[in-house]
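Inside the fold
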Amino acid sequence: MLSLVTRAFPFLILLVVGAAFVQPAFFIDFKGSISPLLAVIMLCMGLTLTPYDFSLVLKKKRVIGLGVLLQFILMPLFAFFIAKALQLNADLFVGMVLLGSVAGGTASNVICFLAKGNVALSITMTAISTLLSVVFTPLLVQLLVGKVVDVPLLSMLLSMMKIVLLPVFIGLLINTFLSNVMNRVAQWLPLLSMLSIAFIIGIVVALNSNNIASMGVMVMLAVVLHNGLGLLSGYWGARLLGYEEAICRTIAIEVGMQNSGLAVALSMKFFNPITALPGAIFSVWHVLSGSLLASIWSNKT
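A brief structural summary. Here the residue numbering is sequential within each chain, running from 1 through the sequence in written order. For this predicted model, a pLDDT threshold of at least 70 governs which residues receive local features, and a threshold of 80 or more governs which side-chain atom pairs are given and counted, while totals over whole chains, interfaces and linings are taken from all residues. Hydrogens and water are ignored here; the side-chain numbers use all heavy atoms of the structure.

Some remarks on the overall build of the chain
Within the chain, the secondary structure is distributed over 15 helices and zero strands. Only protein chains enter the accessibility calculation, which uses a 1.4 Å probe; a residue whose area is less than 20% of its type maximum is buried, one above 50% is exposed, and one in between is partly exposed. Burial analysis of the chain (301 residues in total) assigns 55% to the buried set. Note on definitions: a residue-residue contact is assigned when non-hydrogen atoms from the two residues lie within 4.5 Å. Restricting to contacts in the chain with at least 6 residues of sequence separation, those with at least 24 account for 84%. Here the Shrake-Rupley method, with its probe set to 1.4 Å, supplies the accessible areas, and only the displayed protein chains count as covering residues. Just so you have it, the chain exposes about 12,900 Å², and 71% of that area is on carbon and sulfur atoms. Counting 15 positive and 7 negative side-chain charges, the chain places the centres of these two groups 7 Å from one another. In DSSP terms, a helix is any run of H or I states spanning at least four residues, a strand is any run of E spanning at least two, and both are numbered starting from the N terminus. By the counting rule applied here, Lys and Arg register as positive and Asp and Glu as negative, while His and the ends of each chain are not counted. Where a charge lies is defined by one atom per residue type: Lys uses NZ, Arg uses CZ, Asp uses CG and Glu uses CD.

Structure, rendered in structure tokens:
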């Protein structure tokens, strides 16, 4: 089920994007649904977690610490300098930095499974980076773009708690105390998450349908560079420290794949639809690049 959903996801995204161009009014009507949809994605993530996942933090402190450092230091800086180098306008600049400052993406766990990485480590790293992002993301955005635009730091922090921390915690509690029920529906959670992500992308594309033609190429270039640098730094950072192949693959995927849905939701809530464009394009690209990388790695020992 996981493999099928992941392989079908890029085609689902392309279908939704095409529909958003043809019938933008339909998607625009759901503009207010972005934050609730993201909360659904975070709830699905929480429903896959157990206390055991967090116990791995104590067993693998160094490797998780490496992932956190790369996630919240290199990725925001990569986004900042790429946006500067490509001379993106203020809205896209904020969108890129916001994209670089969020946690690892929820799809990374599926990609890690397909790439023969360490899935338990991947789940733990995603969970830890998601929890840390509640504080780090608003602070990083304030630090890196506070001189470009006004960043509502406190409001952003409170929103992160409501749409990220609370749903993940509720999901964790449900999975812990109703594990028998969750075992029956667990296979459908990736599908629900990806449908929610696809619909969020459709809304953003519809809102930006007039701007994509003029801005899309530069944003696409920025996104490809950001994703590529994240994958490379994650893999080789772990490789240079002597970690085994499975862990190197896991860190590469965790660092390179961002929670672009969160970047989109925060952009729409606190800035504007143009700011959400990098996150929307990244949502498509990182699944394509991650699936390709997983295909290559799955054929290697």
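Quick word on the packing of helix H11 (residues 189-207) against helix H15 (residues 277-298)
Contact pair H11 / H15: the axes reach a minimum separation of 10 Å and the direction vectors enclose 135°. On the basis of their axis angle, the class for H11 and H15 is oblique. Where H11 crosses over H15, the two elements pack in a sense that is left-handed. Across from Ile-197, Ile-201 and Val-204 in H11, the residues of H15 making contact are Leu-277, Ala-280, Ser-283 and Val-284. For this scheme, ten residues count as nonpolar: Ala, Val, Leu, Ile, Met, Phe, Trp, Tyr, Cys and Pro. Four count as charged, namely Asp, Glu, Lys and Arg, and the remainder, Gly too, count as polar. Looking at the contact of H11 with H15 residue by residue, the class counts come to six nonpolar, one polar and no charged. Fitted lines through C-alpha atoms serve as axes, helices being fitted only where they are in contact, and the angles separating the N-to-C directions of these axes extend from 0 to 180 degrees. Roughly parallel means an angle under 35 degrees; roughly antiparallel means over 145; roughly perpendicular covers 65 to 115; every other angle is labelled oblique. Note: crossing handedness is left-handed where the near helix turns anticlockwise from the far helix by less than a right angle, and right-handed where it turns clockwise.

Details of helix H3 (residues 34-46)
Given 3.6 residues to a turn, an α-helix orients residues that are three or four positions apart in the same direction. A helix is expected to span 1.5 Å multiplied by its residue count minus one. The terminal C-alpha atoms of H3 lie 18 Å apart, and with 13 residues this matches the ideal 18 Å at 1.5 Å per residue to within 8%. Within H3, burial applies to Ile-34, Leu-37, Leu-38, Ala-39, Ile-41, Met-42, Cys-44, Met-45 and Gly-46. On its buried face, H3 sits against helix H8 (119-145), helix H9 (153-177), H11 and helix H14 (260-270).

Notes on the packing of aromatic side chains
The description of an aromatic ring pair uses the distance of the two centres, along with the angle that the planes make with each other. Within 6.5 Å between ring centres, the rings of Phe, Tyr and Trp (the latter by its six-membered ring) count as paired, and their orientation is classed by plane angle as stacked under 30 degrees, edge-to-face over 60, tilted in between. Summed over all chains, the structure comprises ten aromatic pairs. With a centroid separation of 5.7 Å and 25° between ring planes, the pair formed by Tyr-235 and Trp-297 is classed as stacked. Here Tyr-235, found in helix H12 (residues 212-240), pairs with Trp-297, found in helix H15; they are 62 residues apart in sequence, far enough to count as distant. A relative accessible area of 14% means that Tyr-235 is categorised as buried. The buried category is assigned to Trp-297, whose relative accessible area is 10%. One aromatic cluster in this structure is built from Phe-26, Phe-27, Phe-30 and Phe-199. Charge-over-ring placement is defined geometrically: NZ (Lys) or CZ (Arg) within 6 Å of the ring centre, and within 35 degrees of the ring normal. Here the guanidinium or amino end of Lys-269 rests over the ring plane of Phe-270, the centre of that ring lying 5.9 Å away.

Things to note about the environment of Gln-23
Here Gln-23 is to be found in the loop between helix H1 (2-22) and helix H2 (24-28). Measuring from C-alpha to C-alpha, the distance between Gln-23 and Ala-206 comes to 7.8 Å, with 183 residues separating the pair along the chain.

As for the pattern of salt bridges
Each reported salt bridge corresponds to a side-chain nitrogen of Lys or Arg within 4 Å of a carboxyl oxygen of Asp or Glu. Applying the stated criterion across every chain yields a total of two salt bridges. Between Glu-245 and Arg-239 there is a salt bridge, with its nearest N and O atoms 2.2 Å apart. Overall, the relative accessible area of 29% leaves Arg-239 in the partly exposed class. Ionic pairing is found between Glu-245 and Arg-249, a salt bridge with its closest N-O pair at 2.8 Å. With Glu-245 and Arg-249 both in helix H13 (residues 245-256) and four residues apart, the pair spans about one turn of that helix. What makes Glu-245 partly exposed here is its relative accessible area of 23%. On the basis of relative accessible area, Arg-249 is assigned to the buried category, the value being 2%. Residues joined by salt bridges that share partners form a network here, namely Arg-239, Glu-245 and Arg-249.

Details of the side chain of Ser-101
Along the chain, Ser-101 falls in helix H6 (residues 90-101). The residues touching Ser-101, leaving out its near neighbours within four places in the chain, are Phe-72, Pro-76, Thr-137, Leu-140, Val-141 and Gln-258.

Overview of unusual backbone geometry
As a rule of thumb, non-glycine residues mostly have phi less than zero, and peptide bonds are mostly trans rather than cis. Positive phi values are uncommon outside glycine, yet Gln-87 reaches one of about 55°. As for its position among the elements, Gln-87 is in the loop between helix H5 (61-85) and H6. A relative accessible area of 70% places Gln-87 in the exposed class. Here the phi dihedral of Lys-116 falls at roughly 60°; this positive angle occurs in a residue that is not glycine. Tracing the sequence through the fold places Lys-116 in the loop between helix H7 (108-114) and H8.

So, H15
Along its 22 residues, H15 runs 31 Å from first to last C-alpha, staying within 8% of the 32 Å computed at 1.5 Å per residue. The term bend refers to the angle at a residue between two fitted axes, each drawn through seven residues, those ending there and those starting there. Of all bends in H15, the biggest is about 25°, found at Ser-283.

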